[in-house]
Amino acid sequence: MPSLSEAYRAHPVHVHHKNLDFNSLQELPESYTWTHLDDHTIINSNNIMKESNSSVPVIDLNDPNASKLIGHACKTWGVYQIVNHGIPISLLDDIQWVGQTLFSLPPHQKLKALRSPDGVSGYGLARISSFFPKLMWSEGFTIVGSPFEHFRQLWPQDYAKYCDIVLQYEETMKKLAGKLMWLMLDSLGITKEDIKWAGSKAQFEKACAAMQLNSYPSCPDPDRAMGLAPHTDSTFLTILSQNDISGLQVQREGIGWVTVPPLHGGLVVNVGDLFHILSNGLYPSVLHRVLVNRTRQRFSIAYLYGPPSNVEICPHTKLVGPTQPPLYRSVTWNEYLGTKAKHFNKALSYVRICATINGLFDVNKSNKVVG
Ligand SMILES: C=C1C[C@]23C[C@@]1(O)CC[C@H]2[C@@]12CCC[C@@](C)(C(=O)O1)[C@H]2[C@@H]3C(=O)O
Ligand SMILES: O=C(O)CCC(=O)C(=O)O
Ligand SMILES: [Fe+2]
């Protein structure tokens, strides 16, 4: 079975790691200056627009109606926050500590674990950087599977304690992600019998995942800088833990950019592109970005969750019919990551098919695919 680590072999992503010493910069260099941040559309938690339909839903996982509430949040926002999720605060603190310690290492040390252009794991600028003329005010570290190799490069003596925390976090998040998958599927009327690849115990044992540690250093000119440019995740869902510094924003149709306020012990869940496909567009993936702060460094940890890399994902049969034709063709996560590496935010439209009187067509190839 191909693994996620192979996803970029055919589509290497070239990012120039020009300057990764943010602390040495007293002014925002031209290469980091973004214009048109369209901040007039931003709504944050202190703003006047406080009605419930203008803030990201917060869902208590112990609520008997959790599935319904999650379904509504996915349909209307593509994102929600969860509380009472059962993840110990100590584990959330530990993983934040790993990220903080990692990004505090001197630049030359971090560069020892640099991500290669055709690789998936390691340290570096956001891989989406190659699609933008300006640089982002952030650094990241991607982990797929065991962090052992790269952590040994970063901490030759005491890598073990950092590895243990990451492995425990991965194991715990995998269970939570499986639970969220069923709640989201249940809200669409899809049951455990309907997803064969979830395995005999219906626990998504073979699911694939990546972890992304992000750091957004304090920035001398935050109004003109971009922490992470607008993007959707390619996943089924992403579980995000943020520290107490705000910065994450999601795009809400008809409103604009809305800040997702940090909630102590809360976790943010984003709908990704593969769930968008599986739900035949009923739960659209959420466009999000990150802004930076003048005095405080922000850290986040994203747990990016998807199917086994060779499983074909397509609109679920329960969600298609004569009046609801499938809007997307089948793709594996690996194939989709390749499409994303090439076409970035247009990737979804590259797997879109459209209905005509004679059948269904792949809009990109003009080949009849179903009919
Ligand atoms: C499995 C993955 C999803 C991801 C690319 C990656 O190979 C590992 C990092 C993930 C991430 C995190 C930041 C945003 C994003 C778009 C990116 O460039 O790297 C996502 C990718 C994704 O979801 O497509
Ligand atoms: O830092 C954040 O809040 C978001 C990070 C993110 O979008 C990602 O890692 O995909
Ligand atoms: Fe993201």
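In this text the structure is predicted, and so the values were computed from the model without any measurement. (Residues numbered from 1 in each chain as written. Chains lettered and ligands numbered in written order. Predicted model: local features only at pLDDT ≥ 70, side-chain atom pairs only at ≥ 80, totals over all residues. Heavy atoms only, no water.)

With respect to topology, 8 strands assemble into an open sheet ordered β1-β2-β10-β7-β12-β5-β4-β3, the strand pairing being mixed. Because the sheet does not close on itself, it has two edges, and the strands there are β1 (58-60) and β3 (122-124). For this sheet the average axis-to-axis angle between neighbouring strands, irrespective of direction, equals 25 degrees. Of the pairings in the sheet, the one linking strand β7 (residues 237-242) to strand β12 (residues 298-306) comprises 6 bridges and is antiparallel in character. Counterpart to T238 in the pairing with β12 is L304. Lying over the sheet, helix α1 (residues 66-76) contacts β1, β2 (79-83) and β10 (267-271), oriented at roughly 165 degrees with respect to β1. With respect to the sheet, helix α2 (residues 89-103) is in contact with β3, β4 (139-143), β5 (208-216), β7, β10 and β12, its orientation differing from that of β5 by roughly 60 degrees. (Pairing = 2+ DSSP bridges. Helix = DSSP H or I, 4+ residues; strand = E, 2+ residues; numbered from the N terminus. Axes fitted to C-alpha atoms, helices over the stretch in contact; angles between N-to-C directions. Contact = heavy atoms within 4.5 Å.)

Surrounding ligand 2, one finds 13 residues, the nearest of these being N214, Y216, H288, R298 and S300. Side-chain polar atom of Y216 to an oxygen atom of ligand 2: 2.6 Å apart, as the coordinates give it. The contact in question runs from an oxygen atom of ligand 2 to an N or O atom on the side chain of S300, over 2.6 Å. Its free accessible area being 290 Å², ligand 2 has 95% of it covered by the protein chains. Only β5, β6 (228-231), β11 (288-290) and β12 provide two or more residues apiece to the shell around ligand 2. Here the shell around ligand 2 is built from residues that sort into 6 nonpolar, 5 polar and 2 charged. (Near = heavy atom within 4 Å. Polar contact = N/O pair within 3.5 Å; in protein donor to acceptor, adjacent residues only side chain to side chain. Areas by Shrake-Rupley, 256 points an atom, 1.4 Å probe, with all protein chains shown as cover. Nonpolar A, V, L, I, M, F, W, Y, C, P; charged D, E, K, R; others polar.)

On to the sheet that holds strand β8 (residues 248-252). An order of β6-β11-β8-β9 is seen for the 4 strands of this open sheet, with the pairing classed as antiparallel. Each having just a single partner strand, β6 and β9 (256-259) make up the two edges of the open sheet. Strand after strand, the sheet turns through a mean of 25 degrees between neighbouring axes, direction not considered. As paired elements, β6 and β11 share 2 bridges and run antiparallel to each other. From the neighbouring strand, H231 faces β11, where its bridge partner is H288.

This part takes up the UniProt feature "domain: Fe2OG dioxygenase" (unreviewed entry) in the chain. In the numbering used here, UniProt assigns the "domain: Fe2OG dioxygenase" (unreviewed entry) feature to residues 206-307. From the first C-alpha to the last, residues 206-307 spans 7 Å; its make-up is 6% helix and 44% strand. (UniProt positions renumbered as here; feature names shortened; annotations may be inferred.)

Six octahedral donors around a metal ideally subtend angles of 90 or 180 degrees, whereas four tetrahedral donors ideally subtend 109.5 degrees. The coordination sphere of the iron ion (ligand 3) contains the protein donors H231 (NE2), D233 (OD) and H288 (NE2), at a distance range of 2.1 to 2.3 Å. Ordering the donors of the iron ion (ligand 3) by residue number gives the pattern H-x1-D-x54-H. Residue H231 is found in strand β6, and its partner H288 is found in strand β11; the two are separated by 57 residues along the sequence. Per residue, the accessibility class of H231 equals that of H288, and both read buried. (Donors = N, O, S within 2.8 Å, 3.2 Å for Na, K, Ca; no water. Buried < 20%, exposed > 50% of the residue type's maximum accessible area, 1.4 Å probe, protein only.)

With that settled, consider unusual backbone geometry. Of note in this structure, F204 is not a glycine but carries a positive phi near 50 degrees. On the secondary structure map, F204 appears in the loop between α5 (159-186) and β5. According to the relative accessible area criterion, F204 is buried, its value standing at 1%. The backbone of N280 sits at a positive phi, close to 55 degrees, despite the residue not being glycine.

Okay, the side chain of E170 next. Considering the arrangement of structural elements, one finds E170 in helix α5. Here E170 sits buried without a salt bridge, and the closest side chain of opposite charge, K174, lies 9.2 Å off (N-O distance). In this view, E170 contacts I143, G145, M211 and Y303; residues no more than four positions away in its chain are not counted. (Lys, Arg positive; Asp, Glu negative; His and termini not counted. Salt bridge = Lys/Arg side-chain N within 4 Å of Asp/Glu carboxyl O.)

Near ligand 1 there are 13 residues, and of these Y8, V120, R127, I128 and S234 occur at the shortest range. Take Y8: an N or O atom from its side chain is 2.7 Å from an oxygen atom of ligand 1. The separation between an oxygen atom of ligand 1 and a polar main-chain atom of S234 is 2.7 Å. For ligand 1, whose accessible area on its own is 450 Å², the fraction buried by protein is 95%. Contributing elements (two or more residues each) for the shell around ligand 1: β5 and α7 (333-343). Taken together, the residues that form the shell around ligand 1 break down as 7 nonpolar, 4 polar and 2 charged.

Given a relative accessible area of 4%, H288 falls into the buried group. Between the C-alpha atom of H288 and that of V258, which follows or precedes it by 30 residues, the distance is 9.2 Å. Those residues in contact with H288, other than ones at most four positions away along the chain, are A229, P230, H231, T232, D233, L248, Q249, V250, W257 and N270. A polar atom in the side chain of H288 sits 3.3 Å from the side chain of D233.

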